[in-house]
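Observations on the model geometry
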Amino acid sequence: MRKFSVNRKDKQKPLSNDEINRYKNFSQLSHEYEQITKRPKKPLYQNRKLFLYLLLLGLILYILYIESKK
Amino acid sequence: MFKRRKIANLSDADLVKLAKQNHKHFGVLYDRYFEQIFKFIYKRLGRDEENSADITQQTFLKAMLNIAKYENRGYHFSSWLYRIAINEVNLFFRSLKNEKVVEIDQHKIVNLFEEANIEVHSNTENQDKLIQLLNELPQDQIDLIELRFFQEMNFKEIAEIYSITEANAKMKVYRILEKLNKNF
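Note that the structure is predicted; figures quoted are calculated from it, not measured. (Residues numbered from 1 in each chain as written. Chains lettered and ligands numbered in written order. Predicted model: local features only at pLDDT ≥ 70, side-chain atom pairs only at ≥ 80, totals over all residues.)

1. Notes on the overall build of chain A
Which entries qualify depends on this criterion: Helix and strand definitions follow DSSP, with helices as H or I runs of at least four residues and strands as E runs of at least two, each counted in order from the N terminus. Restricting the calculation to C-alpha atoms gives the radius of gyration, and the globule rule supplies 2.2 Å times the number of residues raised to the power 0.38. Working definition of burial: number of other C-beta atoms within 10 Å of the residue's own, with buried at 20 or more, exposed at 12 or fewer, and partly exposed in between, all C-beta atoms being placed from the backbone.
The helix and strand inventory of chain A stands at three helices and one strand. Computed over its C-alpha atoms, the radius of gyration of chain A comes to 30 Å, more than 25% above the 11 Å expected for a compact globule of 70 residues. Expressed as lengths along the three principal axes of its C-alpha atoms, the size of chain A is roughly 95 × 30 × 10 Å. For chain A, with 70 residues in total, the buried portion stands at 4%.

2. Considerations on the interface of chain B and chain A
Condition: With C-beta atoms placed from the backbone, a contact is any residue pair whose C-beta atoms sit within 7 Å. All residues other than Ala, Val, Leu, Ile, Met, Phe, Trp, Tyr, Cys, Pro, Asp, Glu, Lys and Arg, Gly among them, are scored as polar; the first ten of these are nonpolar and the last four charged. Strands pair, by our definition, only if DSSP identifies at least two bridges between them.
On the chain A side, the residues contacting the 32 residues of chain B number 21 residues. Elements with a contribution of two residues or more to the side of chain B that touches chain A: helix H3 (26-44), helix H4 (49-65), strand S1 (100-105), helix H6 (106-115) and helix H7 (124-135) of chain B. Looking at the side of chain B that touches chain A, the element that brings in the most residues is H4(B), giving seven residues. Of the residues belonging to the side of chain B that touches chain A, the class tally is 17 nonpolar, seven polar and eight charged. Here strand S1 (residues 2-7) of chain A pairs with S1(B) via six bridges, running parallel. Pairing of A:Arg2 across the sheet is with B:Lys100, part of S1(B).

3. A look at the confidence of the model for chain B
All names here are of chain B. Condition: For every residue, the predictor states its confidence as a pLDDT score lying anywhere from 0 to 100.
Residues at a pLDDT of 70 or more form 96% of chain B, whose mean pLDDT is 91. At the low end of the mean pLDDT range in chain B sits helix H1 (residues 2-8), at 69; at the high end sits H4, at 96. Prediction confidence for the complex, expressed as pTM and ipTM, is 0.82 and 0.81 respectively.

4. What to know about the domain arrangement of chain B
Residue and element names in this part refer to chain B. Applicable threshold: Source of the domain bounds: an automatic or database domain assignment.
According to the domain assignment, chain B contains domain 1 (2-95) and domain 2 (106-183). Domain 1 and domain 2 are separated by 26 Å when their C-alpha centres are compared. Only H3 and helix H5 (77-95) provide two or more residues apiece to the side of domain 1 that touches domain 2. In terms of residue count, the dominant contributor to the side of domain 1 that touches domain 2 is H5 (five residues). Counted by class, the side of domain 1 that touches domain 2 contains four nonpolar, three polar and four charged residues.

5. Quick word on the environment of A:Gln46
Locating A:Gln46 in the fold gives a position in the loop between helix H2 (26-37) and helix H3 (48-69). For the pair A:Gln46 and A:Tyr62, spaced 16 residues apart in sequence, the C-alpha separation works out to 24 Å.

6. Description of H7(B)
Which entries qualify depends on this criterion: For a helix, the expected span equals 1.5 Å multiplied by the residue count minus one. Directions drawn from the helix axis to the C-beta atoms are what define this arc.
Compared with an ideal rise of 1.5 Å per residue, which puts 12 residues at 16 Å, H7(B) spans 16 Å between its outermost C-alpha atoms and is within 8% of the ideal. Taken as a whole, H7(B) has its buried residues at B:Gln127, B:Leu130 and B:Leu134. Buried residues of H7(B), seen end-on, are gathered within an arc of 60 degrees and therefore sit on one face of the element. Away from its buried face, by an angle of more than 90 degrees, H7(B) presents the exposed residues B:Glu125 and B:Gln132. Each element contacted by the buried residues of H7(B) is listed here: S1 of chain A together with H6, helix H8 (139-150) and helix H10 (166-183) of chain B.

Below, the structure written as C-alpha cells:
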C-alpha cells in the first residue's frame with residue numbers, strides 16, 4: 001500500500017540521465033525474455049513421447065535383425 | 001554498423017513491426033524510452049532508485065512479451081509503455097506488506113488546491129487534510145490525479161494513455177477535483 005505525504009523541505013533534485021542510464025541493460029532484458037519464451041529442455045528420460053518412440057524404433061530394428069538371421 | 005544506425009532512425013511503428021518479427025529489434029525502442037519510463041516510475045515510487053530500476057525492467061519485459069498484441073491506433077508508442085508501467089507500479093504497491101510513503105513536492109499540492117478551487121492552500125493543516133482525502137481515493141482516481149498533478153502531464157498525454165478523448169480525460173479529472181472540493 002502507498003500513502004502520500006507533503007514534502008515541505010527543499011524541492012527534490014531529479015536524477016540525471018547518466019544516473020538513470022546506469023540501470024539500462026538490454027542484454028539482461030533480452031536474456032530474461034529468452035528464458036521465458038524458449039522451450040524447456042527436458043532430458044530424454046523425462047520426455048515420454050521421445051522415449052517411447054526410441055524404444056519402438058529399437059524394437060523394430062531388433063526384430064529386423066532377428067528376422068534377417070533366420 | 002550501417003544497418004544498426006539505419007534501424008535506430010526508424011519510426012516507432014516500423015520498429016514495432018521489426019520487434020514483432022525478432023525481439024532483438026526491441027532494443028532500439030528500449031533505448032529510446034528507457035529514461036522517460038524510468039523517470040515516470042521513479043516519481044511514482046517516491047524516489048526509490050533500486051525498485052524503480054526493477055520495475056522499469058519489468059515494464060519493458062512485459063512490453064516485449066506482449067508486443068505481438070500491440071496495435072497501432074494512432075497513439076504514441078510511449079502511451080502503451082506508460083499504461084504497462086502504471087499497472088506494474090500498482091502491482092508493486094499491492095505486493096508490499098508495509099505502507100510506503102510517497103512524498104509530493106509542496107508546489108504540486110498547491111497546484112492541486114488551485115485546480116480544485118480550494119482557496120486556503122498555504123495552511124499546512126489544510127494541505128494534510130487534502131493529502132488524507134487523496135489517500136482515501138480509489139486507485140483509478142488516484143492514478144489520474146497523479147498523472148495530471150504529480151507527473152505534470154497534459155490532458156492529451158493522459159487521454160493517450162487511457163485511449164480516451166482529451167475531453168473525456170478532462171471531465172474525469174475535474175469530476176475527481178469536484179469530489180475533493182466537496183469533501184474538503
